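Structural description and commentary
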Amino acid sequence: MYSEKVMDHFTNPRNVGEIIDPDGVGQVGNPVCGDVMRITIQVEDGRIADVKFRTFGCGAAIATSSMITEMAKGKTLEEALKLTNSAVARALDGLPPAKLHCSNLAADALHEAISDYYAKTRTRGQALKVGG
Ligand code: FES
């Protein structure tokens, strides 16, 4: 029922963990199944220099988290914002229809981490302006 790629990313997930002192954090939960995904990013020169995830969830959620971190690493923030749940599912050679919603978590968590980064840098910019 799962593709070989899904099984590979589920049994050998990439970029597991948490970046210490991250530039952006995205955490989302699925209210239906209760799964939770957390993505932390490190940004350098407008690109995602590093990205890690922790997922408390089903196999498809773990595989999509792993895949989206691989796809996002090295991309500009604008490019990473364009990564969609269906792009992640395609990169995994598809997901069973009942598991498609799991890929939403990965895209949502990444997008939220990027929004968090933008919010923080905007606040920092304003603080600098006010301060000096
Ligand atoms: Fe909840 Fe997959 S069953 S994310």
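Higher on the page you've got the structure.
Below is a summary of the structure that appears in this document. (Residues numbered from 1 in each chain as written. Predicted model: local features only at pLDDT ≥ 70, side-chain atom pairs only at ≥ 80, totals over all residues. Heavy atoms only, no water.)

**A closer look at helix α2 (residues 59–72)**
Counted at 1.5 Å a residue, the expected span for α2 with its 14 residues is 20 Å, and the 20 Å between its end C-alpha atoms agrees. Extensive coverage of α2 is indicated by the burial of twelve of its 14 residues. Of the positions making up α2, those classed as buried are Ala60, Ala61, Ile62, Ala63, Thr64, Ser65, Ser66, Met67, Ile68, Thr69, Met71 and Ala72. Taken from the residues just after α2, glycine 74 is the one with a positive phi, measuring 90 degrees. (Helix = DSSP H or I, 4+ residues; strand = E, 2+ residues; numbered from the N terminus. Expected span 1.5 Å × (residues − 1). Buried < 20%, exposed > 50% of the residue type's maximum accessible area, 1.4 Å probe, protein only.)

**What to know about the sheet that holds strand β3 (residues 47–56)**
If you walk across this open sheet you meet the three strands as β1-β2-β3, and the pairing is antiparallel. Each end of this open sheet is capped by a strand with a single partner; those strands are β1 (24–29) and β3. Taking the axes of each pair of neighbouring strands and ignoring which way they run, one obtains an average angle of 15 degrees across the sheet. Where β1 meets strand β2 (residues 36–44), six bridges bridge the pair, whose relative direction is antiparallel. What sits directly across from glycine 29, in β2, is valine 36. The strands that α2 touches are β2 and β3; relative to β3, the one it contacts most, it runs at about 175 degrees. (Pairing = 2+ DSSP bridges. Axes fitted to C-alpha atoms, helices over the stretch in contact; angles between N-to-C directions. Contact = heavy atoms within 4.5 Å.)

**Notes on the packing of helix α1 (residues 4–11) against α2**
At a closest axis distance of 8 Å, the pairing of α1 and α2 adopts a crossing angle of 90 degrees. When the axes of α1 and α2 are compared, the pair comes out roughly perpendicular. Taking contact as the criterion, the partners of Val6, His9 and Phe10 in α1 are, on α2, Gly59, Ile62, Ala63, Ser66, Met67 and Glu70. Taken together, the residues that form the contact of α1 with α2 break down as five nonpolar, three polar and one charged. (Parallel < 35°, antiparallel > 145°, perpendicular 65-115°, else oblique. Nonpolar A, V, L, I, M, F, W, Y, C, P; charged D, E, K, R; others polar.)

**Remarks on the pattern of salt bridges**
Any two side chains of opposite charge can pair, given that their charged atoms come close. Inspection of the entire model under this criterion finds six salt bridges. As a salt-bridge pair, glutamate 70 and arginine 14 come within 3.7 Å of each other at their nearest N and O atoms. Of this pair, glutamate 70 sits in helix α2 while arginine 14 sits in the loop between α1 and β1, and the two are 56 residues apart along the sequence. In this structure, aspartate 116 engages lysine 120 in a salt bridge whose closest nitrogen and oxygen atoms are separated by 3.1 Å. Pair noted here: aspartate 116 and lysine 120 are both in helix α5 (residues 100–131), with a separation of four residues, about one helical turn. In this structure lysine 120 comes out as partly exposed when scored by relative accessible area, which is 31%. One salt-bridge network, held together by shared partners, links Asp8, Arg14 and Glu70. (Salt bridge = Lys/Arg side-chain N within 4 Å of Asp/Glu carboxyl O.)

**Some thoughts on the packing of aromatic side chains**
One pass over the full model with this rule turns up one aromatic pair. Here tyrosine 117 and tyrosine 118 contribute two aromatic rings whose centre-to-centre distance is 5.9 Å and whose plane-to-plane angle is 50 degrees, an arrangement assigned as tilted. Overall, the relative accessible area of 16% leaves tyrosine 117 in the buried class. Taking relative accessible area as the criterion, tyrosine 118 reaches 26% and is therefore assigned partly exposed. (Phe/Tyr/Trp six-rings, centres within 6.5 Å; stacked < 30°, edge-to-face > 60°.)

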